[in-house]
Amino acid sequence: MKLSNAEEELMQILWKQKKAFMKDLIDAYPEPKPASTTVATLLKRMRDKNFVDFVQYGRSREYFPLVKKTDYFSKQMNGLIKNFFNNSAAQFASFFTEETDLSEDELKELRKIIDERIKNQ
């Protein structure tokens, strides 16, 4: 399941903080900060999607992620490759290397990463 842009922004904050109360989440937003009702709605939707949960302390809830950032990012990247690059990692890599301003050193670093991955398989 995918997060909306607003949910993803909040999830980024929660991944960074690992666990947080509503006030902590709102404080982590840049100005202008969202209303607490907006954050509460986002958290409810994210909980319904099984991305977050909470522990109740009296009247306060401490929220924590149920999904790892790397797992979410991996699924999003795989979906991007599937939907925009005909499920071809080579087409994605070609686009990525041609359409970004990577330096020669950055390209060499990518080659090194790929060569290391091939060696370990």
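Calculation rules
Residues numbered from 1 in each chain as written. Predicted model: local features only at pLDDT ≥ 70, side-chain atom pairs only at ≥ 80, totals over all residues. Heavy atoms only, no water. UniProt positions renumbered as here; feature names shortened; annotations may be inferred. Core = buried A, V, L, I, M, F, W, Y, C linked by side-chain atoms within 4.5 Å. Buried < 20%, exposed > 50% of the residue type's maximum accessible area, 1.4 Å probe, protein only. Helix = DSSP H or I, 4+ residues; strand = E, 2+ residues; numbered from the N terminus. Contact = heavy atoms within 4.5 Å. Phe/Tyr/Trp six-rings, centres within 6.5 Å; stacked < 30°, edge-to-face > 60°.

As named in an unreviewed UniProt entry, the chain is Antibiotic resistance-related regulatory protein, taken from Zunongwangia atlantica 22II14-10F7. The UniProt entry for the chain carries the following comment under Sequence similarities (unreviewed entry): "Belongs to the BlaI transcriptional regulatory family."

### Some thoughts on the nonpolar core
One finds Leu10, Met11, Leu25, Leu43, Met46, Phe51 and Val52 to be the most contacted residues of the largest nonpolar core, which totals 19 residues. Only α1 (5-17), α2 (22-28), α3 (36-48) and β2 (52-57) provide two or more residues apiece to this core. A per-element tally of this core places α1 first, with five residues. In contact with leucine 10, other than residues within four places in its own chain, are Leu25, Tyr29, Val39, Leu42, Leu43 and Met46.

### Here we look at the packing of aromatic side chains
Under the counting rule described, the total for this entry stands at seven aromatic pairs. The interplanar angle of 50° and the centroid separation of 5.4 Å between the aromatic rings of phenylalanine 85 and phenylalanine 95 together place this pair among those described as tilted. In this pair, phenylalanine 85 is assigned in the loop between α4 (69-84) and α5 (89-99) and phenylalanine 95 in helix α5, connecting sequence segments 10 residues apart. Assessed through its relative accessible area of 44%, phenylalanine 95 is described here as partly exposed. Taken together through their ring pairs, the aromatic side chains of Phe85, Phe92, Phe95 and Phe96 make up a single cluster.

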